[in-house]
Amino acid sequence: MGKNFFDYEDGDFAYSISDNMAIDSDGDLLIRMGDNMAMDMDSGELHIISGWSNDEDDD
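Residues numbered from 1 in each chain as written. Predicted model: local features only at pLDDT ≥ 70, side-chain atom pairs only at ≥ 80, totals over all residues. Heavy atoms only, no water.

1. A word on the pattern of salt bridges
Put simply, the test is: We define a salt bridge as a contact between a side-chain nitrogen of Lys or Arg and a carboxyl oxygen of Asp or Glu at a distance within 4 Å. Any residue under 20% of the maximum accessible area for its type is buried, any over 50% is exposed, and the rest in between are partly exposed; the area is computed with a 1.4 Å probe on protein chains only.
In this structure the tally under the stated criterion is one salt bridge. Aspartate 35 serves as the salt-bridge partner of arginine 32, at 2.5 Å between the closest nitrogen and oxygen. Residue arginine 32 is classed as buried on the basis of its relative accessible area, which comes to 15%.

See below:
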């Protein structure tokens, strides 16, 4: 947990708050859809992101 990644759709940085949830610099909640995709919880839009790897993959 606590990984930063870049949201290419908004041009914002986001910070993971759990394994599947993140918050971006605008305060929007994102839910993980895959390693390089997240969905904005307010608008339902899909966002391409720089990468949201699993914790067990990170050494």
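2. Digging into the nonpolar core
To keep things clear, this is the line we draw: Buried Ala, Val, Leu, Ile, Met, Phe, Trp, Tyr and Cys residues that are joined via side-chain atoms within 4.5 Å together make up what is termed a nonpolar core. When checking whether two residues touch, look at their non-hydrogen atoms; a contact exists if any pair is within 4.5 Å.
Grouped together as the largest cluster of nonpolar side chains are seven residues: Phe5, Ala14, Ala22, Leu30, Ala38, Ile49 and Trp52. Excluding residues within four positions of it along the chain, alanine 38 makes contact with Leu30, Ile31, Met33, Glu45, Leu46, His47, Ile49 and Trp52.

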